[in-house]
Amino acid sequence: MAKYENLIPRFLKYVKINTRSNPNSTTIPSEPRLMDFAKGLVKDLKAIGLDNVHINDQSAYVYATLPANTTKQVQKIGFISHFDTADFNSENIQPQIVEDYDGKSVIKLDDAGKFTLDPAVFPNLKNYAGQTLITSDGSTLLGADDKSGVAEIMAAMEYLLAHPEIKHGEIEIGLGPDEEIGSGADHFDVKDFGADIAYTVDGGPLGQLEYETFNAADAQVEITGTNVHPAEAKGVMVNASQVAMDFHAALPAHDRPENTEGREGFFHLYSMNGTVDSAHLGYIIRDHDREIFEDRKKLFQGIADQMNKDFGSDRLKVTIKDQYYNMREVIEKDMTVVDLAKDAFAALDIKPLIFPVRGGTDGSKISFMGLPTPNLFAGGENMHGRFEYVSEETMERATDVVVEIAKLAEAQA
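Enquirer: Before we go on, may I ask you to explain the overall build of the chain in this structure?
Expert: On a plain count of helices and strands, the chain comes out with 10 helices and 16 strands. Against the 2.2 N^0.38 benchmark of 22 Å for 413 residues, the chain shows a C-alpha radius of gyration of 24 Å, consistent with a compact globule. For the chain, the proportion of contacts with a sequence separation of at least 24, taken over those separated by at least 6, is 79%. If you sum the accessible surface of the chain, you get close to 18200 Å²; carbon and sulfur atoms cover 49% of it.

And the structure:
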């Protein structure tokens, strides 16, 4: 019998349920199906035996508590994952099981072999020789981001309840919607959650431990042109599409995602449309350094201001909205939460992979709400698309980490 007998069955059950979030919605959660899933989680968490299981009114997070079984004064530790999936086909997900993968063969996702996991394309596959992989059938994503984290947290709680000899303090669980559209943690209720420190279980391969993220902003540019017949255009026409191209060309050519790595930030043009009469550009702005991040936003606005000055009228309107900040600003003030995770990794002989995340997690926002929340690996690879997969063995190791953190926190108290 597997150490966590319900880990994989629960994961397979959850990924088959469509929980794709909607970026165009203004409701919480973004889709009714997410509330339906949350209500199912409430039933499952109660069945495990957790206390205080409820859906938070302001965030639609599902909260639950594992009571302490020690007389020591132990910090309350929280574990957080999200159950929505990314903007890719999530209907009729059919997970495939590949047992004892050899680390070098091409895996056919669909019967016709149109979509494959090829080590020549996805070299990380070589790390999973001898392991059991779970994939999609090529027509959908899998949903390991982040139903692997959901299943791992629940399996860890189930294990701790079944093994009262493992002493631990009070543990708080938070499972939420809409992480993939960037709004899930906006209304996270830290007081209701009740933890002193927390972890999102939402990372990738074995060993990832992340506590440094981008600072992030969304930037929109609306451009107004003047459309006249091209035969009479000289000195009159202002082609909004051309202005859009000129604006983009004024940004640093190197500072694009495809040219940057590590701690290098960027301006990413993710959408554009236009006519002579009007045009629109959508960007995300990213940098790990807060000062450089602020300088990037000033540069962005400054280009529009100069172009408006040259036109003699306000033809470019820029709207910049901050999305999240680098959690390291909060966590580095007290590294206890990171050190505890490192100790757990060491106890389990897992080598920590620590690097600046070229993105963000719900923990980025939650950390700035006063709850330090770094990110732990959950196992998924190639997330957000048809080539997503996860290793059963890595999911088991992620569950081990959750259990070990709870155990070490009590032992060190």
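Enquirer: Just checking my understanding: could you explain helix 2 (residues 32–48) for this structure?
Expert: Residues three or four positions apart in an α-helix share a direction because the helix packs 3.6 residues into each turn. For helix 2, with 17 residues, the first-to-last C-alpha span of 25 Å sits near the 24 Å given by 1.5 Å per residue. For helix 2, every residue scored as buried is listed here: Leu34, Phe37, Ala38, Leu41, Val42, Asp44, Leu45 and Ile48. Against the buried residues of helix 2 lie helix 1 (7–15), strand 1 (51–55), strand 2 (62–66), helix 3 (144–162) and strand 8 (171–176).

Enquirer: Explain the nonpolar core to me, please; I cannot follow it from the model alone.
Expert: A general feature of soluble globular proteins is that nonpolar side chains tend to end up buried together. Judged by nonpolar contacts, the single largest core of 66 residues is most densely connected at Phe79, Leu175, Tyr199, Leu376 and Ile405. The greatest single-element share of this core, amounting to 10 residues, is contributed by helix 3. If near-sequence neighbours (up to four positions away) are discounted, Leu175 is found in contact with Leu41, Leu45, Ala60, Tyr61, Val62, Ser81, Phe83, Val150, Ile153 and Met154. Membership of the second largest hydrophobic core comes to 22 residues, among which are Ala219, Ala279, Leu281 and Phe300.

Enquirer: What should I look at first to understand the sheet that holds strand 16 (residues 389–391) in this one?
Expert: Strand pairing in a sheet takes place through backbone hydrogen bonds and is either antiparallel or parallel in direction. With antiparallel pairing, the 3 strands of this open sheet are ordered in space as 4-7-16. Sheet topology places strand 4 (96–98) and strand 16 at the edges, where each strand pairs with a single neighbour. The mean inter-strand angle of the sheet, taken between neighbouring strand axes irrespective of direction, is 25°. Bridge count between strand 4 and strand 7 (residues 133–135): 3 bridges; the pairing is antiparallel. From the neighbouring strand, Ile97 faces strand 7, where its bridge partner is Ile134. In the packing of helix 10 (residues 392–412) onto the sheet, contacts are made with strand 4, strand 7 and strand 16, and the angle to strand 16 comes to roughly 65°.

Enquirer: Is there a simple way to think about the pairing of strand 8 in this case?
Expert: A regular strand places its side chains on the two faces of the sheet in alternate fashion. Of all 6 residues that make up strand 8, 6 are buried, and the element is covered over most of its length. Across the two faces of strand 8 the burial is the same, with Ile171, Ile173 and Leu175 and Glu172, Gly174 and Gly176 all buried. Across 5 bridges, strand 2 lies against strand 8 in antiparallel orientation. In the strand pairing of strand 8, Tyr63 is matched with Gly174.

Enquirer: Honestly, helix 5 (residues 240–250) in this entry has me stumped. Any pointers?
Expert: Of the positions making up helix 5, those classed as buried are Ala240, Val243, Ala244, Phe247 and His248. Each buried residue of helix 5 sits inside an arc of 135° when the element is viewed along its axis, so together they form one side. Tucked inside the fold, the buried residues of helix 5 contact strand 11 (215–224), strand 12 (266–274), strand 13 (278–287), helix 6 (290–311) and strand 14 (316–324). Put simply, Asn239 is the residue that caps the front of helix 5, since its side-chain oxygen is 3.0 Å from the backbone nitrogen of Ser241.

Enquirer: Quick question: what am I supposed to make of the packing of helix 1 against helix 3 here?
Expert: To characterise two packed helices, one gives the angle between the axes of the helices and the distance between these axes. Viewed as axis vectors pointing N to C, helix 1 and helix 3 meet at an angle of 145°, and their least axial separation amounts to 9 Å. Between helix 1 and helix 3 the crossing geometry is right-handed. Across the interface between the two elements, Leu7, Arg10, Phe11, Tyr14 and Val15 of helix 1 pack against Ala144, Lys147, Ser148, Val150, Ala151, Glu152, Met154, Ala155 and Glu158 of helix 3. Of the residues that constitute the contact of helix 1 with helix 3, the class distribution is 9 nonpolar, 1 polar and 4 charged.

Enquirer: So what exactly am I meant to see when it comes to the pattern of salt bridges here?
Expert: Opposite charge on two side chains allows them to pair when their charged atoms are near. Inspection of the entire model under this criterion finds 15 salt bridges. With its nearest N and O atoms 3.7 Å apart, the salt bridge here joins Lys76 to Glu170. Here Glu170 lies in the loop between helix 3 and strand 8 and Lys76 lies in the loop between strand 2 and strand 3 (77–82), a separation of 94 residues in the sequence. In this structure Lys76 comes out as partly exposed when scored by relative accessible area, which is 31%.

Enquirer: Can you help me understand the sheet that holds strand 3 in this one?
Expert: If you walk across this open sheet you meet the 7 strands as 1-2-8-3-9-15-10, and the pairing is mixed. Pairing within the sheet leaves two strands with one partner each, and these edge strands are strand 1 and strand 10 (209–210). Each of strand 1, strand 2 and strand 8 touches helix 2; the most contacted strand, strand 1, lies at about 170° to it. Packed onto the sheet, helix 8 (residues 336–347) meets strand 3, strand 9 (197–203), strand 10 and strand 15 (375–377) and runs at close to 55° relative to strand 9.

Rules used throughout
Residues numbered from 1 in each chain as written. Predicted model: local features only at pLDDT ≥ 70, side-chain atom pairs only at ≥ 80, totals over all residues. Heavy atoms only, no water. Helix = DSSP H or I, 4+ residues; strand = E, 2+ residues; numbered from the N terminus. Rg over C-alpha atoms; globule rule 2.2 N^0.38 Å. Contact = heavy atoms within 4.5 Å. Areas by Shrake-Rupley, 256 points an atom, 1.4 Å probe, with all protein chains shown as cover. Expected span 1.5 Å × (residues − 1). Buried < 20%, exposed > 50% of the residue type's maximum accessible area, 1.4 Å probe, protein only. Core = buried A, V, L, I, M, F, W, Y, C linked by side-chain atoms within 4.5 Å. Pairing = 2+ DSSP bridges. Axes fitted to C-alpha atoms, helices over the stretch in contact; angles between N-to-C directions. Arc of directions from axis to C-beta. Polar contact = N/O pair within 3.5 Å; in protein donor to acceptor, adjacent residues only side chain to side chain. Left-handed = near helix turned anticlockwise from the far one by under 90°. Nonpolar A, V, L, I, M, F, W, Y, C, P; charged D, E, K, R; others polar. Salt bridge = Lys/Arg side-chain N within 4 Å of Asp/Glu carboxyl O.

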